[in-house]
Each structure stands twice: as structure tokens, then as C-alpha cells.
Amino acid sequence: MCGIVGYVGEKQALQVVVDGLRRMEYRGYDSAGVAVVADGRLDVRKKAGKLANLESLLGSDPLAQSTTGIGHTRWATHGGPTDANAHPHVSADGSVAVIHNGIIENFAELRAELAAAGVVLASDTDTEVVAHLLAATLPEVGDDLAEAMRIVCRRLSGAFTLVAVRADRPDVVVGARRNSPLVVGRGDGENFLASDVSAFIAHTRHALELGQDQVVTLTRDSIVVTDFDGTPATPNAYEVTWDASAAEKGGYDTFMAKEIAEQPKAVADTLLGRIDVDGRLALDEMRMTDGELREVDKVVVIACGTAYHAGLVAKYALEHWTRLPCEVELASEFRYRDPVIDRRTLVVAISQSGETMDTLMALRYAREQDARVLAICNTQGSTIPRESDAVLYTHAGPEVAVASTKAFLTQLVACYLVALYVAQVRGNKFGDEIAMVVRELADMPRKIDLVLDTTEEVEALAAMLQDARSVLFIGRHVGYPVALEGALKLKELAYMHAEGFAAGELKHGPIALLEDRLPVIVVVPSPRGRSVLHEKIVSNVQEVRARGARTIVIAEEGDDAVVPYADHLVRVPECPTLLQPLLAAVPLQVFACAMATAKGHDVDQPRNLAKSVTVE
Ligand code: M6R
């Protein structure tokens, strides 16, 4: 969702800010704007649409030179994506410019108050009220923008990251955060504020995490953090472990294609350092003693979208390996149903971004109920790991495409590791059994590489099916979440009807959807091991085929039983059933990416979507 950049330093602020906004384009947005402080005034340009629109405006109507500026990409919430609603918003007296991410829930009341005081509002946004409130507060606090920000923030409810500049202070940028992301980049003679580190990674890898309800004041040479009451705070400093090239396309047409190709490495990196020489798992990051882990009597996974699908796979692994009951819940539903959790519940919050508001609110609720929360997260310094009791980072590197791919596979790996670790500590499995699964896991990067060899044939299939009205996905056991994930990818990228079903459920209703040549993608489990599962799905494929649908079957090498019923066959290497999602998900990602390309869609930034969903 909204992307925010603030800069103060020695460089031309406009360039730094626009580059930062471009690097955060992946977050999803529908208008953009910038403001710089120059000659005692604020120079602002903003435009609906993509950054290119703003840049062409800047070409015809250049901004003043300045070394202090702010920039914003907006994902509309209050008010449509128009020029007037784009940020920055400037106070009526022209003294303050503000950008904002989040939702100010009491904005209607504040708007009414301002209107009663004679302020004419120029937009439909919740943000604009902050600009006017700051301007009205400044004279009361000796024109101290940070103090005015603290006073105004205390009046706001909801979620917000705010960044503001003042016309007559060309060397100061002030930011504030509650529930929405904001990180500080510490440079040499320059400092940055941004929604995520990708905005400033080309300039510095030194970052500072801002806590909840904090205000930060940047000058070229100083960074001062306080809480909303003015009490000084010390932010956590960290080094970003990747560089700017990791967030570039590196020769691929799209970030999504690049991220799909990076999956073998992402999986290998996520396993790295977590297995000792004897094949035992060493997950010190779990920060739970063996005694505490033995006391756990239930695991609850909370997550959204793709991360939720990773959680569904986790349930199969956890229950099978640990014999602990596991519930998986959409984070947006969790806290509204009065869930039964207590101090013996281990809550696992899965999130690539670490900023998803639904997941954050669910984890806060879980902690209020005394549950212990373990985050599985890909983004260092983000809010979800910061507010959890422990965190297991996935090491996928920056995921830029809105559609999650490498983050999904690494979330699966993290879930397997947690499940195996719990089994190891609780003694549910013998050491040699765990070592065997760990060896299989360690071999998965090589096998994912083999699946990537099928990319061209899957792309050809997508090109052939691009005019399909709908695509169904079916699977059993861990193949069911994979089917859900395949359908989600297709919906978000190809904008077409796609649904995933448990294959056994087809006959209870969805089978009525089958019609001549309707593509049905079937995720077939290994014929080895749980062969009953395999037999059942072979019957399901036949049922589908018998009704004239076109079957696209994803099956293990050497599985010949499905061949007679497959119109198209995509092979994946042999692997234990529980680990198969790491392989079977890959052709489905490629399929969705190719389908979107064939339809001429923007693969990396699908319409209406945001990478990091920071509103509930
Ligand atoms: O950052 P998170 O993992 O918390 O994001 C959760 C979902 O918004 C995300 O997985 C979304 O469903 C993906 N865009 C799907 O590809």
C-alpha cells in the first residue's frame, strides 16, 4: 500500500525521493506526489496514475532545487485516486506538507472541527486534516514541528505513518508511526525515512526500526526519536543484509519471473545454519525452552492470502510430526470469533512483509490472551516480528512482485522446520527420522531447479489456455492448499475466475461447474507412501475427464497411473508427500505468470492490489 519517502541531506531531494518511490512501486498505488522545501515555501507536484504521470508533470513544470523533500505513492482509501486526493497535502496557510499511510479513523470528527473553524478542505482524504491540525498547532509550540506532530498524533486514532516538512525549515523532516510501517535510513551527512528499506538501499544499508507510537526528527546529521509524549526513545539499529541489485530485475522481464527463478536459492538460504552436523535442528530463534515447548497443547496459525496457504500446509506437517492439534485461521477472522487460546497455545503468525494489518491485529489479540507468538517473516525490522515473542526469518531476499512466490516456498520451509523442531524437542520422532526429513529438505533446492526446467512447457500451456473463462484447481491432503494457492495466483494476475477445491469435495457441489474443455489442474500426490490418497485422486481425475473437462495433471516422475486421464502432464521429481508443495506450487506460479503475460497484464503490479496490506 502507500509508499513513503523522506530525505534530508546534500543531494537533490527530488531525485532521491522519486528513485525511492520507484523502488517501492511494487507496494501498489494509484497516484503519486512529491514536495520539496525551497526558499521558505513548499513546492508540491502530484498526479493521479503511475509515477510516469508525475514525472511528465515534473518535466513540464519543474520543482525548485532542494535538498529536503518528501514523496508518496497512494493506494486510495478515503476518496478516489484523483490529483486532488494525491499526497502531499498542504495546510491552508501553505506552511506544512504531509504524506500519510494508513487510515485515520476519527477523521470525520476532525474534519467537522476544522470546517467549523472555517478551514476549507481541498480533498476527500483523511490525511488532509493532519496538515491543517499541524499548521494550527505550530504557533502554540514555538513552531517546533516534532512537538506539533506529537500533539496531533495524540489526537488521532487508527493506523498511520505520517511524514511532514515545514516551509520555513529547509533542513528538517519529521515522521511518526502507529501501526503502519516506517523505517529510518542512516546515511553520512544525509538521512532517510521510508515505508521500507528498498527506498534507500541504494544510499545506505544502516537502518533503524521505529517502535510503536514514536516520532522521529531528521536533519542531515541527527536522528532524534521520542514517543508521542516526548520521552526520548532509542531505536534498534540493524544492517540490511541485501543490496540494491537484489531488488532489481537482473535481466528478467518481470520481478515475478526473477523471483520464481530464485526459489532454489531462497529455499537453500532459509535452511542454512538451522541444521547441525548431526542433522539435528537448531532453532535458537524460537526463544522457547524445551520445557515451554513441551507444555504447548495446541498450535494456531494466523496469516492471510498466500501465507495462509503456507499455514494450511503447516497443519498437515505439524499434526503428523508432532501430534499436536493445529488450527489455521485467516488473520482477518481470528480475533472476531472469540478463539479458544491461552498460555499453552503456540500461535504462529506468517507474513512475508511483516506489516499485514490483519495479521498484526490477530497477533496482538493472541498475546493479550497470553498465547506465545512465533512470527515467520521475511522482512527484518518489520512490525510483526518486533511484536512477537520470537521470530524465524525466511531468507527469501526482497520480494518485489505483488504475487508471492519465493516467500511462499520459504514460508513452507520455515513451517517444516518449526514442526520438526517441535517433534524433536517433544520426542515425537526419533532423531534418525528427523534427520531423514531434513536430508530430503536439503535436497529440495535441486529438485525445485528441475521443476523450473518445465517452465517453457507450462508457458506454452498457458498461452494455449489464455481464453479459458475459468480454471479449477483440485488437490488432496497438502495438494489442497497448493490448489488454493494456484487459484489465488491466477485470480490476482490473470483477473479470471479460478477456484481451488479439495478434490474429494468436487462431488458435493463444484462438479456442477464442469463443462466441455474447462481446464482443471490436478495436483497429484506421490503414489508411494500414502497410496490410498493417490488412488482416490486418480478416481477424481477420471470423474473430471468423464464430464468433458480438460485435465492438466501435475504428477511425480514415474507415476503412470494418471497418464491415461491427463490431457496435459507436468512432471515433478519424487519427494515425500508432505514436502511436495515445494515442487507442485512452482508450475502453478509459472502458469499464472504466463497467463497474465499472454493477456497483456502488468505481472508485477496487478490491478487493485498492494504488496503490503497495511489496512484492515
Ligand atoms: O506480507 P504478507 O505475507 O502478510 O501478505 C499476505 C497476503 O497479502 C499475500 O500473501 C497476498 O495474498 C499475495 N499477494 C498473494 O500472492
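The model shown is predicted, which means the values in this text are computed figures rather than measured ones. (Residues numbered from 1 in each chain as written. Predicted model: local features only at pLDDT ≥ 70, side-chain atom pairs only at ≥ 80, totals over all residues. Heavy atoms only, no water.)

Asker: What's the story with the overall build of the protein chain in this structure? I'm lost.
Answerer: Broken down by element type, the protein chain carries 19 helices and 24 strands. Its C-alpha atoms give the protein chain a radius of gyration of 25 Å, within 12% of the compact-globule value 25 Å for 616 residues. For the protein chain, with 616 residues in total, the buried portion stands at 61%. Element-wise, carbon and sulfur atoms account for 49% of the exposed surface of the protein chain, whose accessible area totals about 22,400 Å². With 61 positive and 85 negative side-chain charges, the protein chain shows a spacing of 3 Å between the two charge centroids. (Helix = DSSP H or I, 4+ residues; strand = E, 2+ residues; numbered from the N terminus. Rg over C-alpha atoms; globule rule 2.2 N^0.38 Å. Buried < 20%, exposed > 50% of the residue type's maximum accessible area, 1.4 Å probe, protein only. Areas by Shrake-Rupley, 256 points an atom, 1.4 Å probe, with all protein chains shown as cover. Lys, Arg positive; Asp, Glu negative; His and termini not counted. Charge placed at Lys NZ, Arg CZ, Asp CG, Glu CD.)

Asker: Explain the packing of aromatic side chains to me, please; I cannot follow it from the model alone.
Answerer: If you walk through the whole model with that rule in mind, you get five aromatic pairs. Seen in terms of ring centroids, Tyr-7 and Phe-192 are 5.2 Å apart; in terms of plane orientation they differ by 50 degrees. Their pairing is tilted. On the criterion of sequence distance, the pair formed by Tyr-7 in strand S1 (residues 3–8) and Phe-192 in strand S10 (residues 191–194) is long-range, its members being 185 residues apart. Taken together, the aromatic side chains of Tyr-7, Phe-192 and Phe-200 make up a single cluster linked through ring pairs. (Phe/Tyr/Trp six-rings, centres within 6.5 Å; stacked < 30°, edge-to-face > 60°.)

Asker: Whenever I open this one, the sheet that holds strand S23 (residues 550–556) confuses me. Can you help?
Answerer: Either a parallel or an antiparallel arrangement is found when strands of a sheet pair, and the pairing is made through backbone hydrogen bonds. Strand order in this open sheet of five strands is S21-S20-S22-S23-S24, and the pairing throughout is parallel. A single partner strand is all that each edge strand has here, and the edge strands are strand S21 (497–502) and strand S24 (568–572). Pairs of neighbouring strands in the sheet enclose a mean axial angle of 20 degrees, with direction left out of account. Relative to S23, strand S22 (residues 519–523) is paired through five bridges, and the arrangement is parallel. Bridge assignment links Val-520 to a residue of S23, and that residue is Thr-551. On the sheet, helix H16 (residues 455–465) packs against S22, S23 and S24 and is oriented at approximately 150 degrees with respect to S24. (Pairing = 2+ DSSP bridges. Axes fitted to C-alpha atoms, helices over the stretch in contact; angles between N-to-C directions. Contact = heavy atoms within 4.5 Å.)

Asker: In this structure, what is going on with the site of the ligand? I would like to understand it.
Answerer: For the ligand, the set of nearby residues contains 14 residues, the closest of which are Ser-351, Gln-352, Ser-353, Thr-356 and Glu-492. Note that an oxygen atom of the ligand is positioned 2.4 Å from one of the side-chain N or O atoms of Thr-356. Its free accessible area being 420 Å², the ligand has 90% of it covered by the protein chains. Of the residues in the shell around the ligand, the class split is five nonpolar, seven polar and two charged. No fewer than three residues from each of domain 2 (255–442) and domain 3 (452–598) sit in the shell around the ligand. (Near = heavy atom within 4 Å. Polar contact = N/O pair within 3.5 Å; in protein donor to acceptor, adjacent residues only side chain to side chain. Nonpolar A, V, L, I, M, F, W, Y, C, P; charged D, E, K, R; others polar. Domains from an automatic or database assignment.)

Asker: What exactly am I supposed to notice about the pattern of salt bridges here?
Answerer: Tallied over the full model, the rule gives 41 salt bridges. One salt bridge in this structure joins Asp-43 and Arg-45, with 2.9 Å as the shortest N-O distance. In this structure, Asp-43 and Arg-45 share a single accessibility class: buried. Across the salt bridge formed by Arg-150 and Glu-147, the nearest N and O atoms sit 2.9 Å from each other. Taken together, the residues span about one helical turn, with Arg-150 and Glu-147 both in helix H5 (residues 145–155) at a distance of three residues. For Glu-147, a relative accessible area of 24% puts it in the partly exposed group. One network of salt bridges, in which partners are shared, links Arg-41, Asp-43, Arg-45 and Asp-61. (Salt bridge = Lys/Arg side-chain N within 4 Å of Asp/Glu carboxyl O.)

Asker: Is there a simple way to explain the domain arrangement of the protein chain in this structure?
Answerer: Quite often, the size of an interface is put as the accessible area lost when its parts meet. Domain annotation for the protein chain reports domain 1 (3–245), domain 2 (255–442) and domain 3 (452–598). A straight line from the C-alpha centre of domain 1 to that of domain 3 covers 46 Å.

Asker: In this structure, what is going on with the pairing of strand S17 (residues 345–351)? I would like to understand it.
Answerer: The side chains of a regular strand alternate between the sheet's two faces. The buried fraction of S17 amounts to seven of the seven residues, a majority that puts the element mostly inside the structure. Residues of S17 alternate between two faces, with Thr-345, Val-347, Ala-349 and Ser-351 on one and Leu-346, Val-348 and Ile-350 on the opposite face, all of them buried. Note: strand S15 (residues 298–303) against S17, five bridges, orientation parallel. Within the sheet, the bridge partner assigned to Val-301 lies in S17 and is Val-348. Of the strand pairs in this sheet, S17 and strand S18 (residues 372–377) are connected by six bridges, and their pairing is parallel. For Ala-349, the partnering residue across the bridge sits in S18 and is Ala-375.

Asker: Explain the nonpolar core here, please?
Answerer: The tendency in soluble globular proteins is for nonpolar side chains to be buried side by side. Core analysis: the biggest nonpolar cluster contains 129 residues, and Trp-321 and Leu-490 have the highest contact counts within it. Looking at this core, the element that brings in the most residues is helix H13 (residues 406–426), giving 15 residues. Leaving out residues up to four positions away in the same chain, Trp-321 has contacts with Tyr-416, Ala-419, Leu-420, Ala-423, Asn-428, Lys-429, Val-437, Leu-578 and Leu-579. By size, the runner-up hydrophobic cluster in this structure holds 30 residues, among which are Leu-110, Cys-153, Phe-160 and Leu-162. (Core = buried A, V, L, I, M, F, W, Y, C linked by side-chain atoms within 4.5 Å.)

Asker: I'm lost on the pairing of strand S16 (residues 326–330) in this one. Help?
Answerer: Two strands pair when backbone bridges link them, and S15 and S16 are joined in this way by five bridges, in the parallel orientation. Residue pairing across strands places Ile-302 opposite Glu-329, the latter belonging to S16.

Asker: In this structure, what is going on with H16? I would like to understand it.
Answerer: In an α-helix, one full turn covers 3.6 residues, which means residues spaced three or four apart are oriented alike. If you check which residues of H16 are buried, you get Val-458, Leu-461, Ala-462 and Leu-465. One side of H16 carries all its buried residues, which in axial view fall inside an arc of 100 degrees. Looking at the buried residues of H16, the elements they touch are S22, S23, S24 and helix H19 (581–598). (Arc of directions from axis to C-beta.)

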